[in-house]
Amino acid sequence: MKIVIMGPKGAGKSSIGAVLSRMTGLQTLETDRLIEQLHETRDGHYLSCREIFVEHGEEYFRALERDAAAQAGAKDWHLIITGGSIMLNPDSRRKLRENSLIVYLVAPAQVLWPRATAEGLPPWLIGPDGPQRFEKQVVYRDEVLRPFADVIVDTTEGTPEELAEQVGALINEELAILSRAANTFGEIIRVTTFGESHGPAIGAVLDGVRPGLDISEDIIQRELDRRRPGQSKIVTRRKESDRVHLVSGVFEGKTTGAPVAMIIYNEDQKSSAYEDIRDLFRPGHADFTFYQKYGMRDHRGGGRSSGRETACRVACGAVARELLAKNGVRIVAHAIEIGGIKASACDYDVIETNPVRCADPEAAKAMEEAILAARKDCDSVGGVVQLEILGVPAGLGDPVFGKLDARLASALLTIGATTGVEIGMGFEQTRLRGSQSNDAMADGMFLTNHCGGILGGISTGQPIVMRVGVKPTSSIAKEQRTIDIFGQNQTIVVKGRHDPCIVPRAIPVIETMAALTILDMWEVQARLRPEWGERWGFPGTNES
Ligand SMILES: Cc1cc2nc3c(=O)[nH]c(=O)nc-3n(C[C@H](O)[C@H](O)[C@H](O)COP(=O)(O)O)c2cc1C
């Protein structure tokens, strides 16, 4: 995240920026200084921006501007100060806007002109009609740039300290909104979900998908049906058809490049079941923490924390999975443990033939019985899901903060009821010696896959193997101790229709989050190394 301060000459960018830099501790970078440095590196002589423009011409100067924008755009935790002309170039603007909060400082041209003259005018504003040309420029740039601003401050009046205070307060508000609205996932393939379990509808917007990809409602519906409630006697009896309505982004079976927007109407929400627990916090659910955060509550189910929200993800994941599958990436998840019963065999063909989605048919039966027994006791059980991502070539992922294992783990932990993630051998690996734990290599390949297909945050080309813990469903019909919103001791029996075990329905969601992460990372990689895009028949992926 960085803060970009833009605005016309005389708007006070440098003086306000200097105070903001002191207030925030962020290092300041002026694109004008970068342009001068870039020129000096190339030419061996220092010239000011104005001198570069006059001596080397506009074309040379604009090329330097673009390079400066690319350098400044790549900075994190910086305060970037830039003039309007850089931001007029769409390419440079895109680079500077990435991961930024844009502050626009502005004032009427009559106020700015005397300040701009005192600072020193650029060559194109010198001459008798300078003030008129300046005014035209300020008005034009205002029309173009205003829509890109997150924070706008009029600097007609006030000292740099007062104005920086004002900008700082608005930035804080903006940051609070950004971090509060954690409803969007992904960098290039971006998923935003909306809706609550007891509202009229839920839905999702999937943005960043390339045009021309085959996709249909049927493909999305097929995935949604796997997660849908009411499929078997071991899942919630809520009867939702989960019929998806594609409202944008697909035309005649192909993506158009527009956001793919999808809506699913809620049909069977029985809000009355929650009337008795209107003021009570359900143990193990998100009621208490949501109430602490927002200071209010909609007692009718989990709202945004409900498992129902994950239907929207699955709808988006279906698009990602389809694209990945066409390019040889297969994602499969299956229950390896439920209610303490462990799978010992692995036959992928049987996973979708039993209600618990286990690859061991014998264990599957025992797991189903464990779930039914828990339900009979008004209780619930948890389990472990194994996720396997096959066909990812070596080289996907980033180092340091963008490690593929970190991104996948984070994506999986966004799913309600997940308690932990193991990669490869996971914690078991900690008990080995290095000589046993290392994946030795010979004949151009790895001899083992203890690391689970990821080293240094980057895929090895081996299957990516992870395990996800899923806790027992918190909403149970057994009496438990709790408190109400007034802090009084109470007891609670959660009615409503809940999954006695979340594992079977979490499996398509786990696959979905893996698919969205891999596709997103693939798109990131295609911008770094165009051949990754071309591998999938995406031309021209090197525009970064
Ligand atoms: C597919 C799916 C279905 C779920 N169904 C239920 C349910 O029926 N009842 C319930 O209490 N929690 C259910 N959950 C879990 C809650 O969403 C989750 O426990 C809650 O958001 C609190 O978050 P946390 O458990 O991650 O802390 C479900 C989760 C998923 C992914």
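Small disclaimer: the values here were computed from a predicted structure and weren't measured. (Residues numbered from 1 in each chain as written. Predicted model: local features only at pLDDT ≥ 70, side-chain atom pairs only at ≥ 80, totals over all residues.)

Structural notes on the overall build of the protein chain
Helix and strand content of the protein chain: 17 helices and 23 strands. Dimensions of the protein chain along its principal axes, counting C-alpha atoms only, are 90 × 65 × 55 Å. With 544 residues in all, the protein chain has 41% of them scored as buried. Sequence separation of 24 or more characterises 70% of the internal contacts of the protein chain that already satisfy a separation of 6 or more. (Helix = DSSP H or I, 4+ residues; strand = E, 2+ residues; numbered from the N terminus. Buried ≥ 20, exposed ≤ 12 C-beta atoms within 10 Å, placed from the backbone. Contact = placed C-beta atoms within 7 Å.)

Quick notes on the nonpolar core
Counting 83 residues, the largest nonpolar core has Ala315, Val385 and Ile510 as the members making the most contacts within it. If sequence neighbours within four positions are ignored, Ala315 has contacts with Ala204, Ile220, Leu224, Val244 and Met262. Residues Ile3, Ala68, Ile86 and Val153 belong to the second largest nonpolar core, which totals 39 residues. (Core = buried A, V, L, I, M, F, W, Y, C linked by C-beta atoms within 7 Å.)

Observations regarding the domain arrangement of the protein chain
Put simply, an interface is often sized by how much accessible area is lost when its parts join up. Split into domains, the protein chain comes out as domain 1 (2-180) and domain 2 (184-535). Averaged C-alpha coordinates put domain 1 and domain 2 at centres separated by 43 Å. (Domains from an automatic or database assignment.)

A word on the site of the ligand
Taken together, 20 residues lie around the ligand, and Ser305, Gly307, Gly416, Ser475 and His498 are the ones closest in. Take the shell around the ligand: its biggest share by element is 3 residues, from helix H16 (residues 503-528). Classifying every residue of the shell around the ligand gives 6 nonpolar, 12 polar and 2 charged. (Near = placed C-beta within 6 Å. Nonpolar A, V, L, I, M, F, W, Y, C, P; charged D, E, K, R; others polar.)

Notes on helix H12 (residues 310-326)
Compared with the 24 Å implied by 1.5 Å per residue over 17 residues, the 24 Å span of H12 between its first and last C-alpha is a close match. When the local axis directions of H12 are compared, the greatest deviation, roughly 25°, occurs at Gly317. Burial analysis of H12 places 14 of its 17 residues in the buried class, which makes it a mostly covered element. One or two residues past the end of H12 sits Gly328, with phi positive at roughly 85°. (Expected span 1.5 Å × (residues − 1). Bend = angle between axes of the 7 residues up to and from the residue.)

Structural notes on the sheet that holds strand E4 (residues 100-106)
Strand order in the open sheet made by the 5 strands is E2-E3-E1-E4-E5, with parallel pairing throughout. Strands with a single pairing partner mark the edges of an open sheet, and in this sheet they are strand E2 (27-30) and strand E5 (151-154). The sheet shows a mean angle of 20° between the axes of neighbouring strands, taken without regard to direction. (Pairing = 2+ DSSP bridges. Axes fitted to C-alpha atoms, helices over the stretch in contact; angles between N-to-C directions.)

Observations concerning unusual backbone geometry
A negative phi angle is the norm for most residues apart from glycine, just as the trans form is the norm for most peptide bonds. Positioned with a positive phi, Glu252 is a non-glycine residue whose angle comes to about 50°. Following the sequence through the fold, Glu252 ends up in the loop between strand E10 (250-251) and strand E11 (254-255). Taking the C-beta count within 10 Å as the criterion, Glu252 has 6 such neighbours and is therefore assigned exposed. Phi is positive for Arg357, close to 60°, though the residue is something other than glycine. As for its placement among the helices and strands, Arg357 is situated in the loop between strand E14 (341-342) and helix H13 (361-376).

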